[in-house]
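Here is how the chains run, residue by residue.
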Amino acid sequence: MKKLMFFITTLSLLITACNNSNSNTINDNNQNKKTSVMEDLSLTFSGIDFSKAINNAEKHYEVADNHLSIDGVEGTNYFISPDGARFEATAPILLTEIDNSKPFTFTTRLDSPIEKIYDAGTVYIYVDDSNWLKYAFERDEKLRCRVVTVRTEGSSDDNNHDIINQNYVYLRISSNVKQIGFYYSTDGIDWNLARIYRNEYPAKIWLGLSSQSPKEGNNIACFEEMSLTENYISNHRLGE
C-alpha cells in the first residue's frame, strides 16, 4: 500500500510540474505578443478613406504627386515565426475598413527601392496582430526583388514567388466573399496568380498599406494608380 501511495504521489507531482511548465511556456509566448492600438485617421486618397492607423503610421506617410508614400521605419516588420521564437507586429499600417460580406477588388502600383534584405512595400488583409494576410514586394535573402505572400493565423507561413526585375510591381487583391485571390503584374495589364485563400474572415476586416524595414535604415514604399471597388474579377485564375 505504501508503494502504491508513493507511486500516486510521484505521478501527481510529475503531472503538476508538466502543467506548470506548459503554463509558463504559454505565458512566456503571450508576453511576446502585442495588440496594436488603432489610432483615428482622416486620409482620403484615390477615393479611398483611410480611417485608422497602427504603429504610428499617421506620422509616417506623405501624399504628393499623385502617390501615397509610407516610411518603413528601421527595425519594423510583421511576422510570427512558426517556431514561436519571434512575434513582430511593428510596421506602420494605414487602414481602410472593408465590408467582407460583399465582393471587393483592390489594385495598386507599388514602387519601392527595397534595397536591403527583407525591405518591403506591403498590402494587408488585417484582422488583428495574430490574424492577417500580407502581400509584399520584398528583397529576399539573395537580394532579389520578389512578390511574397504571408498568411498568419497565430503563426506565419512564408512564400517567395516570382522574381521581379524592376523597382515596381502592380498588386491586386480580389474577393468574391468565399475566396480571396492575390495577383501581380509588371505592367498593370497582364496579370498573374500568386495565391488564393479561403475567405474565413469576419464581415468587418481592414485593408492596409504599409512599408517595412527589419534591418538597419528605413524603406519608403510609394502607392499610386490605386482603386477599390465592390466588384470581383471575371477570372479568378487570370486575375482579370
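Residues numbered from 1 in each chain as written. Predicted model: local features only at pLDDT ≥ 70, side-chain atom pairs only at ≥ 80, totals over all residues. Heavy atoms only, no water.

Participant: Could you give an account of the layout of surface pockets, with specific residues and numbers?
Facilitator: Over the atoms, a rolling probe the size of a water molecule traces out where space has been left empty. Of the pockets and cavities examined, the largest pocket occupies roughly 220 Å³. Those elements that place two or more of their residues in the lining of the largest pocket are strand S5 (78–80) and strand S10 (131–139). Taken together, the residues of the lining of the largest pocket break down into five nonpolar, two polar and seven charged. (1 Å grid on protein atoms, 1.4 Å probe; cavity = no way out; pocket = protein on both sides within 12 Å on 5 of 7 lines; lining within 4 Å. Points joined across faces, edges and corners; volume = space filled by probe spheres on them. Helix = DSSP H or I, 4+ residues; strand = E, 2+ residues; numbered from the N terminus. Nonpolar A, V, L, I, M, F, W, Y, C, P; charged D, E, K, R; others polar.)

Participant: Which residues make up the packing of aromatic side chains, and what values go with them?
Facilitator: Scanning the entire structure with this criterion turns up seven aromatic pairs. Centre to centre, the rings of Tyr 78 and Tyr 124 are 5.6 Å apart; their planes meet at 65°, and the pair counts as edge-to-face. Pair noted here: Tyr 78 is in strand S5 and Tyr 124 is in strand S9 (residues 120–128), with a separation of 46 residues, a long-range link. The buried category is assigned to Tyr 124, whose relative accessible area is 0%. A ring pair is formed by Phe 182 and Tyr 197, whose centres lie 5.1 Å apart and whose planes are at 70°; its orientation type is edge-to-face. Taken together, the positions of Phe 182 in strand S14 (residues 179–185) and Tyr 197 in strand S15 (residues 192–198) put the pair 15 residues apart, joining distant regions of the chain. Summarising the burial analysis for this pair, Phe 182 and Tyr 197 share the class buried. Chaining the aromatic ring pairs together yields one cluster made of Tyr 78, Tyr 124, Tyr 126 and Trp 132. Taking the ring centre of Tyr 168 as reference, the NZ or CZ of Arg 109 above it sits at 3.8 Å. Its end group placed over the ring of Trp 191, Arg 172 keeps NZ or CZ at 4.0 Å from the ring centre. (Phe/Tyr/Trp six-rings, centres within 6.5 Å; stacked < 30°, edge-to-face > 60°. Buried < 20%, exposed > 50% of the residue type's maximum accessible area, 1.4 Å probe, protein only. Lys NZ or Arg CZ within 6 Å of the ring centre and 35° of its normal.)

Purely geometric numbers; function is a separate question.
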